[in-house]
Amino acid sequence: MNQHKLAITAPSSLTLNLSLNRRRIVSLLGGLFALAFSAVPVQAAENVSLALGQAKISVSVQALENYAQSGTIDPELKSFLLLLNQTDKNQFKTVLLDQHQLDPIIISQFLNSPTGALFLNKLGDIIQSETDSHNLSTLKNGSEALKIALMRANQDPEGITLLNILRQFPAAEIQLNIHKIFQLREQVNILVQETNSIITEIVKLSLEESALSPASDFSKKPDLKQTGDFDVTSKTLTLTDSKRHRELIVDLDIPTPLNTVKRGKPNAIPVIIISHGLAANRKNYAYLGEHLASYGFVVALPQHPGSDTNQLQAWLSGHASDGFKVSEFIDRPLDIQFLIDELERLNTTEFNGQLNLKQVGVAGHSFGAYTALALGGAEIDFNHLKQDCNSAFNSVNLAQIFQCRALEIPQKDYNLRDERVQAIFLMNPINSSIFGQQSLSKIQIPVFWKTSGKDNIAPVAWEQVRSYTWLTTPDKYLLLAEGDRHINLNLTAMNQSMSASLKEIVAPVPEPVNDYIRAFSLAFFEVYINQDSTYRPYLKATYAKTISETAYPLSLVHSLSLDQFFQAVKHVKNPSDSQNN
């Protein structure tokens, strides 16, 4: 077996103070392992060499394997273990022996995709390969070596383990940038603190707004979570945009009988369009379309080719080079514009001229919420995006990696605003890097922004709440559902079956959260698209508290400033400060 070494270097200003650095070294290891394999599945852990200041401790793969499997402490490992207490040693063993398994095709497809290349390149700035020539040490980005090691390990009977990756790593030495590793590890801890601080602030502000609101007895008002009075008829349209050579499949939910809605008045029935998220499809929000239609809205649910379930499945099966097409940053908003054009054309022949297509509402989740923001007036800010994407790797904001892919499209001014879109309902939008404050501040239509307390893709603080404060429209609402996530993954299914289907891997949205979305989207669109002010009480903090359930506590705020945001997180240490302490 090849004995590769993993060397971690640090500047001489760091001193080898055992009591001070013990926790940091464990944090270093934990952060490294979590970072390196947050997007790539792992089955075990491997070899570590440490260099702190002028002190250097090198540990072979075999020494780590002996320790993990039998507890044997080889001499080369002894110095390292002196830095750890018993709890830390147990944690270290757990990390070394932790196992997961996924379909090898998924691993291969990810590593060979543009998104995988971007991730590996960022990670390669931290995990670098080192070569010696004429007694001179040369470091380079470790992305290619990591890719090779992962591919080799994937083909090995043992599979992808951290031990096996180090065995297969095509370099004599592996060097880690200790500064960046400390920073990344600190990011995880800081994220937890910032999330807790922001949630606390939102809960407090919501209670204050609730106390100032007129009392409402919602037990005597209609329950917006319940189905409305109209029956719903569904039909599917296949539309072809000849200009873009793009086929769009759309489900329509239509209140029935249609001629009783708005008493058959022309151009009166409100229209809502729902845009699904990345790797999803039009069926994901069928429950919401049917709910809104039961209250008299005509609802259209398009499926975006190039960023839907079909694209993801084609990628995972090796029939596509990527999980989504970067052109979707532009094509998705254009899909909605084209759909409204088609509904205008069909209004006379299919709907007796009853649809109001001058005031359309758009709802969307994640990439679909990005779509809604673009239609609402937010413009892609390539300068801001470049700045964010060239900054230090942010391991806790996976949404940023996704947004950085937009730098691959032609960088020009895209006018994606559609004046017919008059209100947008956002669920966990991907937004902060691709738009930024200057762009989001241009939106002047009503915005409802739903976020999740445990968003595992787009962090609550910096990707959601801060962006909400950038909005300047006077009609804006922020709804926080604690306990909810961006996406619910069935990790048991992922670990138990390498061939688990997407349906098995992605768990359903909790029904209480679906109820929240039903109620608040209905109230929001009734007020701002249907122009029915009797629904305004439902857009208050008091209503959020009324329907809030223990597992997913709700808080709604109308007023939250950027200053309040920074006040909430000011006591949380900046990651860049961690290296100096």
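Residues numbered from 1 in each chain as written. Predicted model: local features only at pLDDT ≥ 70, side-chain atom pairs only at ≥ 80, totals over all residues. Heavy atoms only, no water.

Taking an unreviewed UniProt entry as the reference, the protein is identified by name as DUF1400 domain-containing protein belonging to Planktothrix tepida PCC 9214.

As a further point, take the overall build of the protein. The number of helices and strands found in the protein is 22 helices and 15 strands. Expressed as a percentage of its 581 residues, the buried residues of the protein come to 57%. Relative to all contacts within the protein whose residues are 6 or more apart in sequence, the contacts with residues 24 or more apart total 77%. A total accessible area of about 24600 Å² is found for the protein, and carbon and sulfur atoms account for 50% of it. (Helix = DSSP H or I, 4+ residues; strand = E, 2+ residues; numbered from the N terminus. Buried < 20%, exposed > 50% of the residue type's maximum accessible area, 1.4 Å probe, protein only. Contact = heavy atoms within 4.5 Å. Areas by Shrake-Rupley, 256 points an atom, 1.4 Å probe, with all protein chains shown as cover.)

Moving on to the nonpolar core. Grouped together as the largest cluster of nonpolar side chains are 76 residues, with contacts concentrated most on Ile198, Phe329, Ile424 and Phe435. With eight residues, the top contributor of residues to this core is helix 12 (residues 328–350). Not counting residues within four places of it along the chain, the set of residues in contact with Ile198 comprises Val460, Ala461, Val465, Phe565, Ala568 and Val569. Grouped together as the second largest cluster of nonpolar side chains are 42 residues, Phe448, Leu522, Phe524 and Tyr552 included. (Core = buried A, V, L, I, M, F, W, Y, C linked by side-chain atoms within 4.5 Å.)

This paragraph deals with the sheet that holds strand 14 (residues 476–481). The strand order across the open sheet formed by nine strands is 7-8-10-9-11-12-13-14-15, and the pairing between neighbours is mixed. Looking at which strands have only one partner, the edges of the open sheet turn out to be strand 7 (231–241) and strand 15 (554–557). This sheet shows a mean twist of 20° between the axes of neighbouring strands, independent of strand direction. As defined by bridge partners, strand 9 (residues 269–275) adjoins strand 10 (residues 298–303) across three bridges and the pair is classed as parallel. Following the sheet pairing, Ile273 is matched in strand 10 by Ala300. Strands strand 7, strand 8 (246–256), strand 9 and strand 10 of the sheet are contacted by helix 10 (residues 286–293), whose axis makes an angle of about 40° with strand 8. Lying on the sheet, helix 17 (residues 460–470) is in contact with strand 13 (447–452), strand 14 and strand 15; it crosses strand 13 at an angle near 165°. (Pairing = 2+ DSSP bridges. Axes fitted to C-alpha atoms, helices over the stretch in contact; angles between N-to-C directions.)

Moving on: the pattern of salt bridges. A complete count under the given rule lists 23 salt bridges for this structure. For Arg282, the salt bridge identified is with Asp251, shortest N-O distance 3.0 Å. Taken together, the positions of Arg282 in the loop between strand 9 and helix 10 and Asp251 in strand 8 put the pair 31 residues apart, joining distant regions of the chain. On the basis of relative accessible area, Arg282 is assigned to the buried category, the value being 16%. (Salt bridge = Lys/Arg side-chain N within 4 Å of Asp/Glu carboxyl O.)

A separate point is the side chain of Arg405. Its place among the elements puts Arg405 in the loop between helix 15 (398–404) and strand 12 (421–427). Arg405 has contacts with Pro114, Thr115, Leu118, Asp322, Phe324, Val326 and Phe329, leaving out every residue within four places of it along the chain.

Moving on, we come to the packing of helix 10 against helix 20 (residues 511–528). Two elements in contact, helix 10 and helix 20, have axes separated by 10 Å at closest approach and are oriented at 40°. The angle between the axes of helix 10 and helix 20 places the two elements in the oblique class. Crossing handedness for the pair helix 10 and helix 20: right-handed. From helix 10, Tyr287, Leu288, His291 and Leu292 reach across to helix 20, where they touch Asn514, Ile517, Arg518, Ser521, Leu522 and Phe525. In terms of residue class, the contact of helix 10 with helix 20 is built from six nonpolar, three polar and one charged. (Parallel < 35°, antiparallel > 145°, perpendicular 65-115°, else oblique. Left-handed = near helix turned anticlockwise from the far one by under 90°. Nonpolar A, V, L, I, M, F, W, Y, C, P; charged D, E, K, R; others polar.)

This brings us to the packing of helix 6 (residues 114–124) against helix 7 (residues 143–155). Following both chains from N to C, one finds helix 6 and helix 7 inclined at 115°, their axes separated by 8 Å at the closest point. Residues Leu120, Asn121, Leu123 and Gly124 of helix 6 form the contact with helix 7, whose participating residues are Ser143, Leu146, Lys147 and Leu150.

What follows covers the packing of aromatic side chains. Two numbers describe a pair of aromatic rings. These are the distance of the centres and the angle of the planes. For the coordinates displayed, the defined rule picks out 30 aromatic pairs. Ring centres 4.9 Å apart and planes at 90° place the aromatic pair Tyr538 and Tyr543 in the edge-to-face group. Looking at Tyr538, the relative accessible area reads 3%, which means it is buried. Look at Tyr543 and you get buried, because its relative accessible area is 3%. Here the basic side chain of Arg332 rests over the ring of Phe367, its NZ or CZ set 4.4 Å away from the ring centre. (Phe/Tyr/Trp six-rings, centres within 6.5 Å; stacked < 30°, edge-to-face > 60°. Lys NZ or Arg CZ within 6 Å of the ring centre and 35° of its normal.)

Our next topic: helix 17. Counting buried residues in helix 17 gives ten out of eleven residues, a clear majority hidden from the surface. When helix 17 is considered as a whole, its buried residues turn out to be Val460, Ala461, Glu463, Gln464, Val465, Arg466, Ser467, Tyr468, Thr469 and Trp470.

As a further point, take unusual backbone geometry. Along the chain, Thr256 connects to Pro257 via a cis peptide bond; the corresponding omega equals -5°. Along the polypeptide, Pro257 turns up in the loop between strand 8 and strand 9. For Asn267, which is not glycine, the phi dihedral falls at a positive 50°. Inspection of the secondary structure puts Asn267 in the loop between strand 8 and strand 9.

Among the six residues in strand 10, six count as buried, and that is most of the element. Bridge count for strand 8 against strand 10 is five bridges, and the pairing is antiparallel. Across the sheet, residue Ile249 finds its bridge partner in strand 10, namely Gln303. In terms of handedness, the path from strand 9 via helix 10 over to strand 10 forms a crossover that is right-handed. (Right-handed = clockwise from strand over helix to strand, strands pointing away.)

Regarding helix 22 (residues 562–569), the residues found buried are Phe565, Ala568 and Val569. Summarising the axial view, the buried residues of helix 22 lie within an arc of 85°, below the 170-degree limit, and thus occupy one face. (Arc of directions from axis to C-beta.)

Summarising the element assignment, Pro537 is placed in the loop between helix 20 and helix 21 (541–547). Once the C-alpha coordinates of Pro537 and Ser216 are considered, the two residues, 321 residues apart in sequence, prove to be 7.5 Å apart. Discounting residues that sit within four places of it in the chain, Pro537 has contacts with Ser216, Phe218 and Tyr543.

Moving on: the side chain of Glu328. Within the secondary structure, Glu328 sits in helix 12. With sequence-adjacent residues up to four places away left out, Glu328 is seen in contact with Arg246, His304, Pro305, Gly306, Ser307, Pro333 and Phe367.

It is worth spelling out the pairing of strand 11 (residues 355–365) at this point. Counting buried positions over the eleven residues of strand 11 gives nine, a clear majority of the element. Relative to strand 11, strand 9 runs parallel, the two being bridged by seven bridges. Looking across to strand 11, one finds that Ser275 is bridged to Gly364.

By the secondary structure assignment, Val557 is in strand 15. Ignoring anything within four residues of it in the chain, the contact list for Val557 reads Ile202, Leu205, Ser206, Glu209, Tyr468, Lys476, Tyr477 and Leu478.

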